[in-house]
Number of protein chains: 4
Amino acid sequence: MSTRNRAAPRKRPRQARAKATVEVILEAAAHVFVSSGYEGTTTKQVAERAGVSIGTLYQYFPSKEALVAMLLERLHQRVLSILSDKLVPHPITDLDQEVRDLMRTLVEAYGVNPRLQRVLLEQASRIGPLQVVQEIEARVETLVQGVLSRNLEFERPRDLGLVVFIIIRALRSAVWSTVVERPELIGTPEFVEELSALVLGYLRPRR
Amino acid sequence: MSTRNRAAPRKRPRQARAKATVEVILEAAAHVFVSSGYEGTTTKQVAERAGVSIGTLYQYFPSKEALVAMLLERLHQRVLSILSDKLVPHPITDLDQEVRDLMRTLVEAYGVNPRLQRVLLEQASRIGPLQVVQEIEARVETLVQGVLSRNLEFERPRDLGLVVFIIIRALRSAVWSTVVERPELIGTPEFVEELSALVLGYLRPRR
Amino acid sequence: MSTRNRAAPRKRPRQARAKATVEVILEAAAHVFVSSGYEGTTTKQVAERAGVSIGTLYQYFPSKEALVAMLLERLHQRVLSILSDKLVPHPITDLDQEVRDLMRTLVEAYGVNPRLQRVLLEQASRIGPLQVVQEIEARVETLVQGVLSRNLEFERPRDLGLVVFIIIRALRSAVWSTVVERPELIGTPEFVEELSALVLGYLRPRR
Amino acid sequence: MSTRNRAAPRKRPRQARAKATVEVILEAAAHVFVSSGYEGTTTKQVAERAGVSIGTLYQYFPSKEALVAMLLERLHQRVLSILSDKLVPHPITDLDQEVRDLMRTLVEAYGVNPRLQRVLLEQASRIGPLQVVQEIEARVETLVQGVLSRNLEFERPRDLGLVVFIIIRALRSAVWSTVVERPELIGTPEFVEELSALVLGYLRPRR
DNA sequence: GATGAATGAGGCTTCATTCAT
DNA sequence: AATGAATGAAGCCTCATTCAT
């Protein structure tokens with residue numbers, strides 16, 4: 001319980017000013033985490049960039065980990081909301097297009113501040129499996145698996161769970177690596193096309 | 001150069017005893033890095049696990065970074081030797097089998113102590129682009145690209161460099177994630193089959 | 001500038017408590033430097049003697065050098081204020097008395113915590129030419145040279161700069177050595193008399 | 001006894017080779033002490049510069065202090081031999097010339113590797129009053145005092161011990177400072193002339 | 001005698017966190 | 001609520017010295 005609590009926010013801000021303070025701190029934290037990494041980031045730096053005192057920071061976040069936890073929660077909410085918006089069940093007309101849309105959605109989701117995602121997820125595993133993260137990951141997998149199971153049939157028997165597991169990691173890694181190593185490609189149609197090819201080729205039965 | 005190269009080993013061991021010491025330190029470092037991560041690892045822990053004094057450690061490695069650099073070098077030598085052994089140019093008979101072999105080789109290479117690979121590569125980028133790493137990555141890409149360019153033809157025009165970039169990240173990530181999250185799958189034929197499907201499907205022109 | 005200036009104080013204390021802390025740390029540092037020398041002094045010793053934690057020390061002084069730099073600045077301010085107070089230009093009546101007063105002033109200035117002066121000046125040269133020190137030394141030389149040039153005439157041509165250079169070192173050394181080796185003499189009229197004789201004899205043309 | 005012994009050489013070298021080794025170590029030590037200061041000097045540096053192993057160094061000198069002690073002894077032997085050679089009692093003809101010779105001798109003595117003298121004497125006081133040093137200093141003072149007492153008469157009563165004390169410090173400091181701050185002046189007739197003026201003026205009764 | 005590998009106490013410094021104001 | 005001064009555990013690293021070979 002004590003461990004779990006370290007990562008929990010200290011108090012929910014009630015007043016408008018307090019809410020603004022929390023926002024500004026989180027923004028600052030995101031910025032510093034991205035540019036300095038988790039260990040390279042000091043709470044003082046975050047406070048300074050946020051323009052608040054270190055004491056104020058600790059009033060809202062009882063530890064450095066709590067910053068990670070909160071950011072992780074937010075980030076995943078954003079990722080999840082993207083997925084939920086786009087993956088509402090609906091009648092399928094064009095299978096190919098369907099799968100392609102799904103992938104585009106995943107790429108879009110992983111493209112939300114990917115450097116921050118990287119830093120945070122790295123910590124997520126160290127902090128101990130944060131419930132938020134696990135939940136989200138599970139939901140993403142479920143969503144994807146749902147779409148696929150409703151729409152695909154394989155010639156040979158395949159473990160759909162494994163397929164989804166692999167797809168997600170492959171896509172995520174491709175997106176993140178590209179952000180870091182070839183940022184100029186992000187957003188080009190060519191890049192999206194290749195990612196789609198990766199996934200569609202994988203899902204489509206081979207001759 | 002002397003001041004800057006914190007990552008270079010401090011001295012070449014001359015006596016047999018010293019060589020053994022270096023080995024034992026590196027083994028210890030690998031172990032602790034894997035279990036505690038780079039920042040979570042202290043030089044004292046490494047020395048203790050190696051059964052040597054902290055002074056001895058610093059006699060051979062002038063900094064924590066130097067441990068990473070040395071391990072990185074060794075790891076890559078191993079990875080590269082796997083690749084070189086298997087990817088010797090030779091007459092192609094069965095294209096499908098050929099590509100599948102290539103992928104198996106990559107999986108094998110990324111399966112060499114993957115948790116350590118993860119920790120080290122993460123640091124590699126922070127330490128500054130270590131030559132060893134860049135070289136290796138370049139050579140892997142070149143090798144793969146070579147095999148592919150000799151054996152594949154695409155219906156639509158594709159940027160082969162981008163294709164290889166994506167394949168490598170996708171494969172690597174899939175292997176690493178599996179080691180961490182589903183270790184029981186590593187080595188199963190099913191897993192290898194899926195990875196092959198991922199790559200072959202990607203490379204094969206879609207109908 | 002930020003990286004290089006290890007000798008600059010880290011932050012200006014705002015609250016009254018902080019100011020008091022800075023004072024107490026500087027006093028402690030002066031004491032320990034005098035009794036143990038620069039290298040013999042550890043920052044921990046200083047913090048302990050000041051009755052603050054080591055962290056507090058580093059909050060205000062980013063390094064051991066910064067302690068030296070600050071003490072040097074203070075010491076020289078004191079020395080300079082003594083000189084400025086006494087060496088205000090004024091009409092000369094008794095030349096002999098005039099020079100004697102000048103010397104008395106120098107002795108008084110070098111007599112301000114001379115053991116500390118020794119330790120600090122030794123470091124000043126190692127730290128790299130601190131501006132404060134150079135400025136002060138230059139001003140002392142200028143002041144002395146000014147008084148002398150307005151009041152002395154030599155039979156043979158002499159390099160007044162060299163004369164001043166020698167006088168200052170000779171006086172300073174005599175004062176400092178006496179503090180260390182014959183402290184009982186400091187302040188006796190006899191001692192002052194001899195120093196005056198040293199300087200006046202030097203300045204007065206020989207027959 | 002244990003403290004005293006730290007500074008004593010470990011063994012007298014008997015063989016020629018051993019003697020050469022000791023010499024080469026001492027030369028190296030002198031060099032490194034001068035360029036890096038006492039604390040800045042590591043025994044390993046000394047060994048390396050001497051071209052011997054650290055083990056060999058410790059075979060002849062049981063500690064870093066022992067190096068200082070030995071160098072101090074040698075240096076003072078040299079200083080003392082200069083003084084002894086020149087200050088042999090002899091009939092006085094020209095008083096003025098006599099005193100001037102004495103001063104020249106002192107300057108010459110203090111000019112023998114003055115930077116090393118500075119480093120060593122600094123340590124001498126920290127190591128604890130080394131007998132060698134005290135003896136030498138005493139002998140120098142005695143010698144000088146002897147010459148002066150036989151040849152000078154003052155109008156007013158003066159403490160000759162104090163006079164000598166002051167002269168020696170004044171001269172030494174002037175020489176050493178000049179080496180550090182105005183090396184180009186060392187050896188010029190002008191510089192010697194000023195030092196002589198300093199001393200002669202001091203000794204000669206004022207009108 | 002020589003070598004250099006090994007030791008470990010101890011130094012400097014950072015930074016997450018607490019708490020008095 | 002906010003501030004920022006104070007804390008101190010803990011990390012990295014150096015270097016004088018010992019000792020097995």
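Everything below is about the structure shown above.
Just so it is clear, the structure is predicted and the values come from calculations on it, not from any experiment. (Residues numbered from 1 in each chain as written. Chains lettered and ligands numbered in written order. Predicted model: local features only at pLDDT ≥ 70, side-chain atom pairs only at ≥ 80, totals over all residues. Heavy atoms only, no water.)

Trainee: Quick rundown of the interface of chain C and chain D? Include the residues and the values.
Mentor: Taken together, the contact between chain C and chain D spans 38 residues of the former and 38 residues of the latter. Summing both partners gives a buried area of about 3300 Å² for chain C against chain D, and 57% of it is carried by carbon and sulfur. Viewed at the interface, chain D and chain C are joined by six salt bridges. Across the salt bridge formed by Arg158 of chain D and Glu194 of chain C, the nearest N and O atoms sit 2.8 Å from each other. Counting every contact that joins chain C to chain D gives eight residue pairs in polar contact (both at pLDDT 80 or more). (Contact = heavy atoms within 4.5 Å. Buried area = accessible area lost by both parts, 1.4 Å probe. Salt bridge = Lys/Arg side-chain N within 4 Å of Asp/Glu carboxyl O. Polar contact = N/O pair within 3.5 Å; in protein donor to acceptor, adjacent residues only side chain to side chain.)

Trainee: Account for the relation of the copies chain C and chain D, naming residues and giving values.
Mentor: With an axial shift of 0.2 Å and an RMSD of 0.3 Å, the rotation relating chain C to chain D amounts to 179°. Here the copies are linked by what is in effect a two-fold axis. A shared binding surface is used by both copies, with 100% of the interface residues of chain C retained as interface residues in chain D. (Least-squares fit on C-alpha atoms with pLDDT ≥ 70 in both.)

Trainee: Outline the interface of chain A and chain B, supporting the account with residue identities and numerical values.
Mentor: The interface is formed by 38 residues belonging to chain A together with 37 residues belonging to chain B. Between chain A and chain B lies a buried interface of about 3300 Å² when both sides are counted; carbon and sulfur atoms form 57% of it. Counting across the chain A and chain B interface gives six salt bridges. In this structure, Arg182 of chain A engages Glu141 of chain B in a salt bridge whose closest nitrogen and oxygen atoms are separated by 4.0 Å. For the pair chain A and chain B, the number of links is eight residue pairs in polar contact (both at pLDDT 80 or more). For the side of chain A that touches chain B, the secondary structure elements donating two or more residues are α2 (16-40), α7 (114-127), α9 (160-181) and α10 (189-203) of chain A. When residues in the side of chain A that touches chain B are grouped by element, the largest group, 12 residues, is from α9 of chain A. (Helix = DSSP H or I, 4+ residues; strand = E, 2+ residues; numbered from the N terminus.)

Trainee: Mind laying out the nonpolar core, listing which residues take part and the relevant values?
Mentor: Counting residues in each nonpolar core, the largest one holds 142 residues, and the members touching the most others are Phe33 and Phe61 of chain A together with Phe33 and Phe61 of chain B. Not counting the four nearest positions on each side in its chain, Phe33 of chain B is found in contact with Tyr38, Thr41, Leu67, Val68, Leu71, Leu116, Val119 and Leu120 of chain B. Ranked by size, the runner-up nonpolar core spans 141 residues in total, among them Leu72 and Val140 of chain C together with Leu120 and Ile166 of chain D. (Core = buried A, V, L, I, M, F, W, Y, C linked by side-chain atoms within 4.5 Å. Buried < 20%, exposed > 50% of the residue type's maximum accessible area, 1.4 Å probe, protein only.)

Trainee: If you had to explain the packing of helix α5 (residues 64-86) of chain A against helix α6 (residues 95-110) of chain A to someone new, which residues and values would you point to?
Mentor: Residue and element names in this part refer to chain A. Where α5 contacts α6, the axes come no closer than 9 Å and their chain directions differ by 160°. Relative to α6, α5 is oriented roughly antiparallel. Note that α5 runs across α6; the crossing there is right-handed. Mapping the contact onto sequence places Val79, Ile82, Leu83 and Lys86 in α5 and Thr105, Leu106, Glu108 and Ala109 in α6. When the residues that make up the contact of α5 with α6 are grouped by side-chain class, the tally is five nonpolar, one polar and two charged. (Axes fitted to C-alpha atoms, helices over the stretch in contact; angles between N-to-C directions. Parallel < 35°, antiparallel > 145°, perpendicular 65-115°, else oblique. Left-handed = near helix turned anticlockwise from the far one by under 90°. Nonpolar A, V, L, I, M, F, W, Y, C, P; charged D, E, K, R; others polar.)

Trainee: Summarise the packing of aromatic side chains; cite the residues concerned and give the values.
Mentor: The tally for this structure, following the rule as stated, stands at four aromatic pairs over all chains. Here the basic side chain of Lys64 of chain B rests over the ring of Tyr38 of chain B, its NZ or CZ set 4.6 Å away from the ring centre. For the cation-ring pair, Arg158 of chain C lies above Tyr202 of chain C, with the distance from its terminal atom to the ring centre recorded as 4.7 Å. (Phe/Tyr/Trp six-rings, centres within 6.5 Å; stacked < 30°, edge-to-face > 60°. Lys NZ or Arg CZ within 6 Å of the ring centre and 35° of its normal.)

Trainee: Please give an account of the arrangement of the chains that cites residues and values.
Mentor: At no point do chain A and chain C touch; the closest pair of C-alpha atoms across them sits 12 Å apart. Separating chain B from chain C is a minimum C-alpha gap of 16 Å, and the two share no contact.

Trainee: Can you break down unusual backbone geometry residue by residue, with the values?
Mentor: Trans is the common state for peptide bonds, and a negative phi is the common state for residues other than glycine. In this model, Asn113 of chain B sits at a positive phi of 45°, which is unusual for a non-glycine residue. Looking at where Asn113 of chain B falls in the secondary structure, it is placed in the loop between α5 (95-110) and α6 (114-127).

Trainee: Go over helix α1 (residues 16-40) of chain C, please, and point to the residues and values.
Mentor: Residues and elements named next belong to chain C. The terminal C-alpha atoms of α1, which comprises 25 residues, lie only 31 Å apart, well short of the 36 Å expected from a rise of 1.5 Å per residue. Where α1 bends most, at Val34, the angle is about 85°. Those residues of α1 not exposed but buried are Ala18, Thr21, Val22, Ile25, Leu26, Ala28, Ala29, Ala30, Val32, Phe33, Gly37 and Tyr38. (Expected span 1.5 Å × (residues − 1). Bend = angle between axes of the 7 residues up to and from the residue.)

Trainee: A description of the packing of α5 of chain A against helix α8 (residues 131-151) of chain A should follow, citing residues and the corresponding values.
Mentor: Residue and element names in this part refer to chain A. It is the contact of α5 with α8, at a shortest axis distance of 10 Å, that shows an interaxial angle of 15°. The orientation of α5 with respect to α8, classified from their angle, is roughly parallel. Once α5 is placed against α8, the crossing between them reads as left-handed. Residues Leu72, Glu73, His76, Leu80 and Leu83 of α5 pack against Val132, Val133, Ile136, Glu137, Arg139, Val140 and Leu143 of α8.

Trainee: Describe in detail the pattern of salt bridges, supporting the description with residues and values.
Mentor: Residue and element names in this part refer to chain B. Throughout the structure, instances matching the rule amount to 35 salt bridges over all chains. Residue Arg74 pairs with Glu23 through a salt bridge whose shortest N-O separation is 2.8 Å. Residue Arg74 is located in helix α4 (residues 64-86), and its partner Glu23 is located in helix α1 (residues 16-40); the two are separated by 51 residues in the primary sequence. Here Arg74 falls in the partly exposed class, since its relative accessible area comes to 28%. Residue classification places Glu23 among the partly exposed residues on the basis of a relative accessible area of 33%. Among the ionic pairs, Arg100 bridges to Glu193, the shortest N-O distance being 3.6 Å. Here Glu193 lies in helix α9 (residues 189-203) and Arg100 lies in helix α5, a separation of 93 residues in the sequence.

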